[in-house]
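The primary structure of each chain is shown beneath.
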Amino acid sequence: MTRRVQATAAGGAATVEDVKTPTPIRLDALELRLVRMDLIEPFETSFGRVSSRRVLLVRLEAEGAFGWGEVVAGDEPLYSYETVETAWHALRDHFAPALLGGRVASLAELAARLARFRGHPMARAGIETAYADLAARLRGESLSHVLGGVRTEVPVGVSLGIQATVDALLLRVERHLELGYRRIKLKIKPGWDVDPVAAVRRRHPGILLSVDANAAYTLEDGAHLLKLDEFDLLMIEQPLQHDDLLDHAALQKKLKTPLCLDESITGLRRAEQALAAGACRIVNMKTGRVGGYSQALAIHDLCRARGVPLWCGGMLESGIGRAHNIALASLVGFTLPGDISASRRYYDRDLIVPEVELRPNGAIAVPEAPGIGFDVDMDYLGAQTERAERVTPHA
Ligand code: OSB
Ligand code: MG
């Protein structure tokens, strides 16, 4: 993996070839933890409703150092086919044995060791994110810096779930605008689309507003989706099937509003194909969905080279995944507000200290401390852990 970053925070020019540890390092152990996180209120999308979830955390140990990663898979295979259990299996039984006991010098080497395995992008990303945190800590640099980030704060928006009534939605839009969020994204599905969008747009004519269908429609609904063109939306995210490109391209031809793809962009090749086909004009980046930082950085560079707006999506992450998203969103190609909210948006208490906070200007500070830049609250983490296993090399 070779990549270029134009500017450093200091304003100079720098080239980031890869994410490297100072010297090749022996990977000693992988600790897996399933952690219970209760949401402040249920979050509903076109594919389901979640009020409590289990988060799979990965702690990679190497010669006395460690790094934290997060697997963004859910309890059920709804957003994608992965679950916390399939990721646990892939990590413990396949990825860890392929890595532990061996030395790696860079993210590219780590990715290469796993390249023969197919699929399981979220599990893969769990280990790549842990490695990047570890590498940054060993270098004594922030994760943002190691990834080639240039921003000191990242502008953010908020994703609002499907509500029982339009009034309940309007209340939540109001509340989050008051907090400073710079873009409102509404989850939509058949039966909850034009009316709530029209109501929010009527009440807030000037805001950045977008919608996300999580693949709830088909091209047959094209005429209905064209009605969304009148609301001056920033984008319509993943209206059609989760693995589709061509129907999205056909729909984009008829729509004025830019389409953004989330679920369909599963890696660099798919991103190239999506842009070549005209399937979207904006890309949502999720490190978990694309299989980790090696793919995420390559897609970032592609979008930047093509002038395609990019933003960082979210998956209801704990503070660990949230911290990774903040670091990634500090890269120059992330030109639109991300779905990276404050910890409080979803959780009463987070696994990190301090928790992620929103500035009144609707941005989140990019930490400067080494690695992800937050401490893990080991007491709370211990209290919330439902299962833990330390995987070491087979003798
Ligand atoms: O499609 O972006 C999505 C949450 C879970 C699964 C998929 C999505 C989402 C969100 C919430 O929209 C983003 C967040 O704030 O974490
Ligand atoms: Mg989405």
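Residues numbered from 1 in each chain as written. Chains lettered and ligands numbered in written order. Predicted model: local features only at pLDDT ≥ 70, side-chain atom pairs only at ≥ 80, totals over all residues. Heavy atoms only, no water.

Asks: Sorry if this is basic, but what is going on with the site of ligand 1 here?
Replies: Residues in close proximity to ligand 1 total 17 residues, the closest being S159, K187, N214, L316 and Y346. A distance of 3.0 Å separates an oxygen atom of ligand 1 from a polar side-chain atom of D212. Its free accessible area being 390 Å², ligand 1 has 96% of it covered by the protein chains. The class makeup of the residues in the shell around ligand 1 is six nonpolar, three polar and eight charged. Taken together, domain 1 (3–140 + 377–391) and domain 2 (146–375) each give at least three residues to the shell around ligand 1, which thus spans both. (Near = heavy atom within 4 Å. Polar contact = N/O pair within 3.5 Å; in protein donor to acceptor, adjacent residues only side chain to side chain. Areas by Shrake-Rupley, 256 points an atom, 1.4 Å probe, with all protein chains shown as cover. Nonpolar A, V, L, I, M, F, W, Y, C, P; charged D, E, K, R; others polar. Domains from an automatic or database assignment.)

Asks: Got a minute to help me understand the packing of aromatic side chains in this structure?
Replies: Aromatic ring pairs: the centre-centre distance and the angle between the two ring planes describe each pair. The tally for this structure, following the rule as stated, stands at four aromatic pairs. A ring pair is formed by Y346 and Y347, whose centres lie 6.2 Å apart and whose planes are at 50°; its orientation type is tilted. Take Y346: its relative accessible area is 7%, and that puts it in the buried class. Three or more aromatic residues joined by ring pairs make a cluster, and in this case those are F43, Y346 and Y347. Positioned above the aromatic ring of F66 is the side chain of R59, whose terminal nitrogen or guanidinium carbon lies 4.4 Å from the ring centre. In this arrangement the basic side chain of R387 is found over the ring face of W88, its NZ or CZ atom lying 4.7 Å from the centre. (Phe/Tyr/Trp six-rings, centres within 6.5 Å; stacked < 30°, edge-to-face > 60°. Buried < 20%, exposed > 50% of the residue type's maximum accessible area, 1.4 Å probe, protein only. Lys NZ or Arg CZ within 6 Å of the ring centre and 35° of its normal.)

Asks: Sorry, what's going on with helix α9 (residues 268–277) here?
Replies: Structural remark: α-helix, 3.6 residues per turn; residues separated by three or four positions point the same way. Residues of α9 that are buried include every one of A271, A274 and L275, and no others. Seen along its axis, α9 keeps its buried residues to an arc of 95°; they face one direction. Along α9, exposed side chains directed more than 90 degrees from the buried face belong to R269 and A276. Each element contacted by the buried residues of α9 is listed here: β11 (259–261), β12 (282–285) and α11 (293–306). The positive-phi residue at the C-terminal boundary of α9 is G278, with phi of around 70°. (Helix = DSSP H or I, 4+ residues; strand = E, 2+ residues; numbered from the N terminus. Arc of directions from axis to C-beta. Contact = heavy atoms within 4.5 Å.)

Asks: Looking at this structure, how should I read the pairing of β12?
Replies: Each regular strand carries side chains that alternate between the two faces of the sheet. Judged by which residues are buried, β12 turns out to be covered on both faces: I282 and N284 on one side and V283 and M285 on the other are all buried. The pairing of β11 with β12 spans two bridges and is classified as parallel. Residue pairing for β12: C260 is matched across the bridge by I282. On the question of chirality, the crossover connecting β11 to the parallel β12 by way of α9 is right-handed. One ladder, built from three bridges, connects β12 with strand β13 (residues 310–312); its direction is parallel. Pairing of N284 across the sheet is with W311, part of β13. (Pairing = 2+ DSSP bridges. Right-handed = clockwise from strand over helix to strand, strands pointing away.)

Asks: Please explain unusual backbone geometry as it appears in this structure.
Replies: Negative phi is the rule for most residues except glycine; trans is the rule for most peptide bonds. The amide bond that connects V353 to the next residue, P354, takes the cis arrangement and shows omega of -10°. Relative to the elements of secondary structure, P354 occurs in the loop between β14 (352–353) and β15 (363–365). Positioned with a positive phi, N214 is a non-glycine residue whose angle comes to about 45°. Relative to the helices and strands, N214 is located in the loop between β9 (209–212) and α7 (222–226). For L316, which is not glycine, the phi dihedral falls at a positive 55°. Within the fold, L316 resides in the loop between β13 and α12 (319–329). Under the relative-accessibility criterion, L316 is labelled buried at 13%.

Asks: Help me understand the domain arrangement of the protein, please; the structure alone is not making it clear to me.
Replies: Many analyses report the size of an interface as the accessible area lost when the parts associate. Parsing the protein into structural domains produces domain 1 (3–140 + 377–391) and domain 2 (146–375). Computed over C-alpha atoms, the centres of domain 1 and domain 2 are 21 Å apart. Across the boundary between the two partners, domain 1 contributes 44 residues, which contact 52 residues of domain 2. Between domain 1 and domain 2 we count three salt bridges in total. Measuring nitrogen to oxygen at the nearest pair gives 2.9 Å for the salt bridge that ties D377 to R349. Where domain 1 touches domain 2, the interface holds 18 residue pairs in polar contact (both at pLDDT 80 or more). Per-element tally for the side of domain 1 that touches domain 2: the top contributor is helix α3 (residues 121–139), with eleven residues. Taken together, the residues of the side of domain 1 that touches domain 2 sort by class into 25 nonpolar, six polar and 13 charged. (Salt bridge = Lys/Arg side-chain N within 4 Å of Asp/Glu carboxyl O.)

Asks: What am I meant to see in the state of the cysteines here?
Replies: In a disulfide, the sulfur atoms of two cysteines are held together by a covalent bond. Taken as a whole and assessed by the stated rule, the structure comprises zero disulfides. C303 forms no disulfide, and the closest cysteine sulfur to it belongs to C280, at a distance of 7.6 Å. C303 sits in the buried class, given a relative accessible area of 1%. (Disulfide = S-S within 2.5 Å.)

Asks: Explain the packing of helix α5 (residues 166–179) against helix α6 (residues 194–203) here, please?
Replies: When two helices pack together, their arrangement is given by the angle between the helix axes and by the axis-to-axis distance. One can describe the packing of α5 onto α6 by two numbers: an axis separation of 10 Å at closest approach and a directional angle of 40°. Between α5 and α6, the angle falls in the class oblique. Handedness of the α5/α6 crossing: right-handed. Within the contact between the two elements, α5 uses V166, L169, L170, V173 and E174 and α6 uses P196, A199, V200 and R203. Taken together, the residues that form the contact of α5 with α6 break down as seven nonpolar, no polar and two charged. (Axes fitted to C-alpha atoms, helices over the stretch in contact; angles between N-to-C directions. Parallel < 35°, antiparallel > 145°, perpendicular 65-115°, else oblique. Left-handed = near helix turned anticlockwise from the far one by under 90°.)

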